[in-house]
Amino acid sequence: MTDLKALIEAVNKGDITAATTETQHAVETGYNPQDILDKGLITAMDEVGENFSKGKIFIPQMLRSAKTMQECMKVLEPLFQEGSVTSKGKIIIGTVKGDLHDIGKNLVSMMMEGAGFTMFDLGVNASPERFVQKAQEIEPDIVAMSALLSTTMPSMRQTVEALKQASIRRKVKVMIGGAPVTEKYAREIEADCYAPDAGSAVIKAKEILGIA
Ligand code: B1M
């Protein structure tokens, strides 16, 4: 089995062909898809973030790496499917207003879908009104919000408030996550739960719906 260095390097460089080839290669040589994700792709994105913070790379390179990671996730996606036929529940997911980061949100959505939930993805920059409108339309079990910027976290609180105003809050569970989000913040805004990563998001979703 090779190590994941070449994959990390390819994502860092934003080399889609090399990165998807390395992902496929890692699958074929017996890597667990979760390890490819955690120790390969997410490690690479952490390095990208660090390089951005240090001014070593700029937005275009960061975007290129993000696109590269998304293409690699397409290779892994079928491997995360559980093949469940009956839906475990309906989940609305979105990246909150003002925030354009969607890789983590897509990952959470992909894992939830793989675990048998029916997902309704609002994409990025989803306003509190948009969450409310969709919740009124499909009556979900969970409203799930992602934020990657400390400046957009307040939109999570605003969405919880908007759900209350629309008399929906008591009918749904609210889950939040994203790099700057914490358990403490979840309690502060009266969300039902916080999940630090996509894997635990699935576990928490089952827990709060009592289907663990
Ligand atoms: Co941005 N960016 N970015 N960026 N970017 C960060 C987040 C940053 C930490 C980089 C840094 O400075 N070190 C920093 C935020 C600082 C802060 O506020 N705390 C930052 C900044 C400042 C910015 C801009 C403001 C830069 C600028 O313009 N000057 C700008 C903002 C644009 C906007 O949103 N309005 C910006 C733009 C961008 C790009 C567009 C270029 C691109 C995003 C492309 C895209 O998503 N399609 C980008 C990227 C790629 C990053 C980094 C490098 C990588 C993010 C990522 O995809 N990580 C990021 C640095 C970093 O995180 N290390 C950074 C991989 C992903 C799998 O992890 O999203 O954390 P993550 O998801 C995790 C968990 O958080 C969790 O599960 C996932 C893992 O399993 N999770 C949930 C996420 N959502 C969840 C929801 C849940 C549960 C768990 O329940 C509902």
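These numbers were taken from a predicted model, which means no experiment stands behind them.

A. Here's a closer look at the layout of surface pockets. Looking at the largest pocket, its volume works out to about 1,200 Å³. Forming the boundary of the largest pocket are 42 residues, of which His101, Ile103, Gly104, Leu148 and Ala179 lie nearest the centre. Contributing elements (two or more residues each) for the lining of the largest pocket: helix 3 (33-53), helix 4 (59-76), helix 5 (103-114), strand 3 (142-146), strand 4 (173-177) and helix 9 (198-208). For the lining of the largest pocket, the leading source of residues is helix 3, giving 10 residues. Looking at the lining of the largest pocket, its residues break down into 26 nonpolar, 10 polar and 6 charged.

B. Broad picture of the side chain of threonine 23. Note on placement: threonine 23 falls in helix 2 (residues 16-28). With a relative accessible area of 0%, threonine 23 lands in the buried category. With residues up to four places along the chain from it excluded, the contact list for threonine 23 reads Leu7, Ile36, Cys72, Val75 and Leu76.

C. Summary view of the coordination of the cobalt atom of the ligand. If you check the protein contacts of the cobalt atom of the ligand, you find one donor only, His101 (NE2), at 2.2 Å. Within the secondary structure layout, histidine 101 lies in the loop between strand 1 (90-95) and helix 5.

D. Structural view of the sheet that holds strand 3. Read across the sheet, 5 strands follow the order 2-1-3-4-5 without closing on themselves; strand pairing throughout is parallel. The two strands at the open ends of the sheet, each matched to only one other strand, are strand 2 (118-121) and strand 5 (193-194). Bridge count between strand 1 and strand 2: 4 bridges; the pairing is parallel. Looking across to strand 2, one finds that isoleucine 93 is bridged to aspartate 121. Docked against the sheet, helix 6 (residues 128-138) engages strand 1, strand 2 and strand 3, running at close to 165 degrees with respect to strand 1. Taken strand by strand, helix 9 contacts strand 3, strand 4 and strand 5, and its axis lies near 165 degrees from that of strand 4.

Basis of the calculations
- Residues numbered from 1 in each chain as written.
- Predicted model: local features only at pLDDT ≥ 70, side-chain atom pairs only at ≥ 80, totals over all residues.
- Heavy atoms only, no water.
- 1 Å grid on protein atoms, 1.4 Å probe; cavity = no way out; pocket = protein on both sides within 12 Å on 5 of 7 lines; lining within 4 Å.
- Points joined across faces, edges and corners; volume = space filled by probe spheres on them.
- Helix = DSSP H or I, 4+ residues; strand = E, 2+ residues; numbered from the N terminus.
- Nonpolar A, V, L, I, M, F, W, Y, C, P; charged D, E, K, R; others polar.
- Buried < 20%, exposed > 50% of the residue type's maximum accessible area, 1.4 Å probe, protein only.
- Contact = heavy atoms within 4.5 Å.
- Donors = N, O, S within 2.8 Å, 3.2 Å for Na, K, Ca; no water.
- Pairing = 2+ DSSP bridges.
- Axes fitted to C-alpha atoms, helices over the stretch in contact; angles between N-to-C directions.

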